[in-house]
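# A closer look at the structure
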Amino acid sequence: KIKDLKQVAPPNTNVMMFNGKLFALHEANLPLECRMSEDGRLDLVGYETFNDVLDYPVSAHPIQDGDELVFHSYTVDQKLIEDHGTMKLGRYNSQKDQVETYFVPTPSKSYVSFAHSIISTDNYIIVWDCSVHFKTDALFTGGSFFKSNRYFTLKFGVVPKNKDNVQIDDVLWIDSREVGAIVHPLHAWEEHVNEYDDNGEVISSNVTLKLWTPFCEDLRLELDQSNTFHMVEFAIDTAARKVSKSIIDESINSEFACMPPPTRRPRQAVTPPSTYVPSRGYTRVNARNASTREFVSSLSSDKRFGFTAIFGEDNDGFRGYAKWDLVKRRLDSTVFYRDGELGGEPMLVRSGEYGDERIYVGSYLYNQDEDKSYFALYDGETGGQVCRLAMRQRVPFGFHGQYIDGEDLRAHFKYHEASDSGFNASCPAKWLRFFLRDYILGSGSENR
């Protein structure tokens, strides 16, 4: 008998560096912490439980939000469903070293929805309940255990991110009335419309959440099936409790969406041009009641462009990548790899000093004719190839990847050096306990 099903699946889907720790991730597992040596070797540390709080798997796509980590997962483990539910959502604060939110956001235990990812804005977390459900009849019929249910529509759950002790009653579920599924969303932000009277008092305030994502109307998770994803924008009106969908582009089939790493400079708000938001682009005066309406968008300049991987015509792999302009609401450009080469997920790098940052796009490529792998780096602005490196061995490209810069690597090495010395320098509370014990009380490391 397996003692803990949360520690049995291979952590082979994604990697994440957070708070000095390197994790290997799989949505049926707890995060597996690894230690990287300066020569690149990896050593196993163990499963992360956040001080024995985690009692549910963590997905392969947690969201790093400053000092906090927003995470979720879903499960098909019947015992976990009975004890908790089909999905669980949490928020961990690394400075306090504690999980501040941890609850089940879904109201039903009668089915399991494919919920590979979540996404967040400044003030909200967005989860979803899609049209693809877990079906045990695959034991007898074969194929994937996840099947598309054409009679079930995509629903969004809007969760307040900054509220303490969030529970299921705080979740606003809104039906999109669209059949389909989301796997890897691109980006989400908030658009606020505030109305003021002539004394400057707020008369009304409404927030609409904008979500850009590759969307598949009939997702089939079969090895011999191809799927079509088109970039769409979902506008989630929290006041009217309505969702509208706009198709951004249907010319390419792309998935594995990703945004550049956060900028290290102060964020600058972008005011969308009036050419595509004519009624909301600027503050204006309503002559009937002399009120002033203000439009505020949380879409920032460092998040203007996003990227996706482009499927080939036969869905045999990724043949290139696409760049999306979220301000002008369009496909900006495409880059295709050499003939006979397949690529993986675009990995984005933000490089340069303050005021002179550039985005680069990297991908591992497999050359079918040569049976060799390469790493190619492209200029995110021009699409020109910056370098192409031959790899010593074949590199699988069906996984997710993360670029880890020198600053994060140094923090990782420092964290483990501190751990070897008996304290965690990234957590003030633990550092203070170490300082008091070893230097004020004078117990010394030789007595430990």
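Residues numbered from 1 in each chain as written. Predicted model: local features only at pLDDT ≥ 70, side-chain atom pairs only at ≥ 80, totals over all residues. Heavy atoms only, no water.

### Regarding the overall build of the protein
Where we set the bar: Labels follow the DSSP assignment, with helices taken as runs of H or I lasting at least four residues and strands as runs of E lasting at least two, numbered in each case from the N terminus. When a residue's accessible area, from a 1.4 Å probe over protein chains only, is under 20% of the maximum for its type it is buried; when over 50% it is exposed; and in between it is partly exposed. A contact between two residues is defined here by any heavy atoms of the two lying within 4.5 Å. Only the protein chains shown count as cover for residues, with accessible areas throughout obtained via the Shrake-Rupley method and a probe of 1.4 Å.
Scanning the protein from N- to C-terminus turns up four helices and 30 strands. When the 448 residues of the protein are sorted by exposure, 50% land in the buried category. Contacts in the protein between residues at least 24 apart in sequence constitute 55% of all its contacts with a sequence separation of at least 6. Per element, the accessible surface of the protein, about 22,600 Å² overall, is 48% carbon and sulfur.

### What about the sheet that holds strand S10 (residues 124-129)?
Heads up, the condition is: A pair of strands is treated as paired once DSSP finds two or more bridges between them.
If you trace the four strands from one edge of the open sheet to the other, you get S9-S10-S13-S14, paired in antiparallel fashion. In this open sheet, the two edge strands, each paired with only one partner strand, are strand S9 (119-120) and strand S14 (172-175).

### Concerning the confidence of the model for the protein
To keep it simple, the criterion reads: The pLDDT value expresses, per residue, how confident the predictor is, ranging between 0 and 100.
For the protein, per-residue confidence averages 86 on the pLDDT scale, and residues scoring 70 or more make up 86% of the total. Per-residue pLDDT stays below 50 along residues 267-288; that stretch engages in 39 contacts with residues further than four places along the chain or on separate chains. Every residue in residues 429-448 scores below 50 in pLDDT, and together they form 23 contacts with partners more than four places removed in sequence or on other chains.

### Describing helix H3 (residues 406-421)
Spelled out, the test is: Expected span, for any helix, means 1.5 Å times one less than how many residues it has. In protein, a polar contact means a hydrogen-donor-capable atom and an acceptor-capable atom, both N or O and within 3.5 Å, with residues adjacent in sequence counting only if both atoms are side-chain atoms; elsewhere, any N or O pair within 3.5 Å suffices.
When the terminal C-alpha atoms of H3 are compared, their 22 Å separation across 16 residues agrees well with the 22 Å that a helix rising 1.5 Å per residue should span. For H3, the secondary structure elements touched by its buried residues are strand S1 (14-18), strand S2 (21-25), strand S3 (32-36) and strand S4 (42-47). Capping of H3 at its N-terminal end is provided by aspartate 405; its side-chain oxygen lies 3.3 Å from the backbone amide nitrogen of glutamate 407.

### What about the side chain of histidine 72?
Along the chain, histidine 72 falls in strand S6 (residues 68-74). Overall, the relative accessible area of 1% leaves histidine 72 in the buried class. A distance of 2.8 Å separates a polar side-chain atom of histidine 72 from the backbone oxygen of alanine 115.

### What about the environment of asparagine 14?
With respect to the helices and strands, the residue asparagine 14 is situated in strand S1. Note: C-alpha distance between asparagine 14 and alanine 24 (10 residues apart in sequence) is 6.0 Å. Not counting chain neighbours up to four residues away, the residues in contact with asparagine 14 comprise Phe23, Ala24, Leu25, Ala60, His61, His400 and Gly401. A distance of 2.9 Å separates a polar atom in the side chain of asparagine 14 from the backbone oxygen of alanine 60.

### Overview of a nonpolar patch on the surface
Here is the rule we go by: Patches here are clusters of residues that have more than 30% relative accessible area and form no salt bridge, with a 9 Å joining cutoff for like charges and a 5 Å cutoff for nonpolar side chains (Val, Leu, Ile, Met, Phe, Trp, Tyr). In the sections that follow, a salt bridge refers to a side-chain nitrogen of Lys or Arg positioned within 4 Å of a carboxyl oxygen of Asp or Glu.
Taken together, Leu139, Phe140 and Phe145 make up a surface patch of nonpolar side chains, about 380 Å² in accessible area. Here leucine 139 shows up in helix H2 (residues 138-141).

### Things to note about the pattern of salt bridges
Any two side chains of opposite charge can pair, given that their charged atoms come close. On inspection of all chains with the given rule, the structure shows 21 salt bridges. Close ionic contact of lysine 21 with glutamate 48 constitutes a salt bridge, the shortest N to O distance being 2.9 Å. Separated by 27 residues along the polypeptide, lysine 21 in strand S2 and glutamate 48 in the loop between S4 and strand S5 (63-65) bring together distant segments of the chain. Assigned by exposure class, lysine 21 and glutamate 48 land together as buried. Close ionic contact of arginine 35 with aspartate 420 constitutes a salt bridge, the shortest N to O distance being 2.9 Å. Of the two residues, arginine 35 sits in strand S3 while aspartate 420 sits in helix H3, which places them 385 residues apart along the sequence.

### A closer look at the environment of glutamate 195
Mapped onto the elements of the fold, glutamate 195 is located in strand S16 (residues 187-196). Taking C-alpha positions, glutamate 195 is 6.2 Å from glutamate 294, a pair spaced 99 residues apart along the chain.

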